[in-house]
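# Secondary and tertiary structure notes
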Amino acid sequence: AGRELAEIQRLGGSGADGIMGVRVDRKGNVYVGGHTESDDLPAAPGAPQAKRGGKSDCFLAALSPDATRLLYMTYLGGKENEFAEHRLALLADGSVLLTGVTASSDFPVTPQAFQRELRGPTAGFAAKLSGDGTKLHFSTLLGGSGGEWFLMPTTDAAGNIYMVGHTASP
């Protein structure tokens with residue numbers, strides 16, 4: 001009580017925005033994952049996806065420890081809805097792993113993706129963004145005919161990725 005905040009940092013645009021997960025690395029940098037209906041988030045030069053793809057896209061952003069500088073921001077999505085799930089994973093090489101759900105048949109997947117096509121009304125996705133925010137190391141769909149979503153990516157010492165999720169697919 002009695003203390004005033006000199007400044008409140010905001011990360012968002014002119015549309016509806018939601019922050020779903022925040023992580024802090026050893027240097028104090030802040031990583032934010034969420035979803036947005038804003039066309040005017042400050043995408044960084046060299047971002048893998050500089051423009052919103054559709055109705056609601058995911059986004060990944062990194063901020064300096066004092067949240068005064070945007071280190072990078074990229075959209076991640078296609079023409080329909082995407083939603084980031086609750087927890088980002090910060091990996092030892094500085095990259096960031098995000099999982100979630102997509103309803104977009106044109107969700108951005110990388111050339112060697114495990115699954116490149118939407119097979120049901122929704123699919124889970126897993127995407128790994130480079131530490132500098134300029135490259136998708138991988139982006140893949142994971143799903144069957146009924147619909148899926150994934151959250152809480154975790155890695156083990158060998159780099160294997162584990163996720164919790166839901167499926168309606170037989």
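Residues numbered from 1 in each chain as written. Predicted model: local features only at pLDDT ≥ 70, side-chain atom pairs only at ≥ 80, totals over all residues. Heavy atoms only, no water.

## Thoughts on the confidence of the model for the protein chain
Mean pLDDT for the protein chain: 89, with 95% of residues reaching 70 or above. A low-confidence stretch, residues 1-8 (pLDDT under 50), is modelled with zero contacts involving residues beyond four sequence positions or located in other chains. (pLDDT = per-residue confidence, 0-100. Contact = heavy atoms within 4.5 Å.)

## Quick word on the nonpolar core
If you look at the biggest cluster of nonpolar residues, it comprises 20 residues, and the most contacted ones within it are Tyr72, Leu76, Leu98 and Phe125. Among the secondary structure elements, those contributing two or more residues to this core are strand 3 (57-63), strand 4 (70-76), strand 7 (96-102), strand 8 (123-129) and strand 9 (136-142). Element by element, the count of residues in this core is highest for strand 8, at four residues. Setting aside residues up to four positions removed in sequence, Leu98 forms contacts with Cys58, Leu60, Leu76, Ala84, Glu85, Leu88, Phe125, Ala126 and Ala127. Formed by eight residues, the second largest nonpolar core is a distinct cluster that contains Leu41, Ala61, Leu63 and Tyr75. (Core = buried A, V, L, I, M, F, W, Y, C linked by side-chain atoms within 4.5 Å. Buried < 20%, exposed > 50% of the residue type's maximum accessible area, 1.4 Å probe, protein only. Helix = DSSP H or I, 4+ residues; strand = E, 2+ residues; numbered from the N terminus.)

## A look at the pattern of salt bridges
Two side chains that carry opposite charge are able to pair once their charged atoms sit near each other. This model, assessed by the stated rule, comprises three salt bridges. In this structure, Lys128 engages Asp93 in a salt bridge whose closest nitrogen and oxygen atoms are separated by 3.5 Å. Separated by 35 residues along the polypeptide, Lys128 in strand 8 and Asp93 in the loop between strand 6 (89-90) and strand 7 bring together distant segments of the chain. According to the relative accessible area criterion, Asp93 is exposed, its value standing at 53%. (Salt bridge = Lys/Arg side-chain N within 4 Å of Asp/Glu carboxyl O.)

## Re the sheet that holds strand 2 (residues 30-36)
Sheet strands pair via backbone hydrogen bonds, and the direction of the pair is either parallel or antiparallel. If you walk across this open sheet you meet the four strands as 1-2-3-4, and the pairing is antiparallel. The outermost strands of the open sheet, each flanked by one partner alone, are strand 1 (17-24) and strand 4. Going across the sheet, the axis of each strand differs from the next one's by a mean of 15°, ignoring polarity. Across seven bridges, the pairing between strand 1 and strand 2 is antiparallel. When the sheet's bridge partners are listed, Asp17 is paired in strand 2 with Thr36. (Pairing = 2+ DSSP bridges. Axes fitted to C-alpha atoms, helices over the stretch in contact; angles between N-to-C directions.)

## Quick look at the layout of surface pockets
Space inside the largest pocket adds up to approximately 290 Å³. Taken together, 16 residues line the largest pocket, and the ones lying closest to its centre are Asp25, Lys27, Tyr31, Leu91 and Gly94. (1 Å grid on protein atoms, 1.4 Å probe; cavity = no way out; pocket = protein on both sides within 12 Å on 5 of 7 lines; lining within 4 Å. Points joined across faces, edges and corners; volume = space filled by probe spheres on them.)

## A closer look at the side chain of Ser139
In this structure, Ser139 sits in strand 9. Looking at Ser139, the relative accessible area reads 0%, which means it is buried. Separated by 2.6 Å, the side chain of Ser139 and the backbone oxygen of Pro108 make a polar contact. The residues contacting Ser139, other than those within four sequence positions of it, are Phe107, Pro108, Val109, Thr110, Ala113, Ala126 and Ala127. (Polar contact = N/O pair within 3.5 Å; in protein donor to acceptor, adjacent residues only side chain to side chain.)

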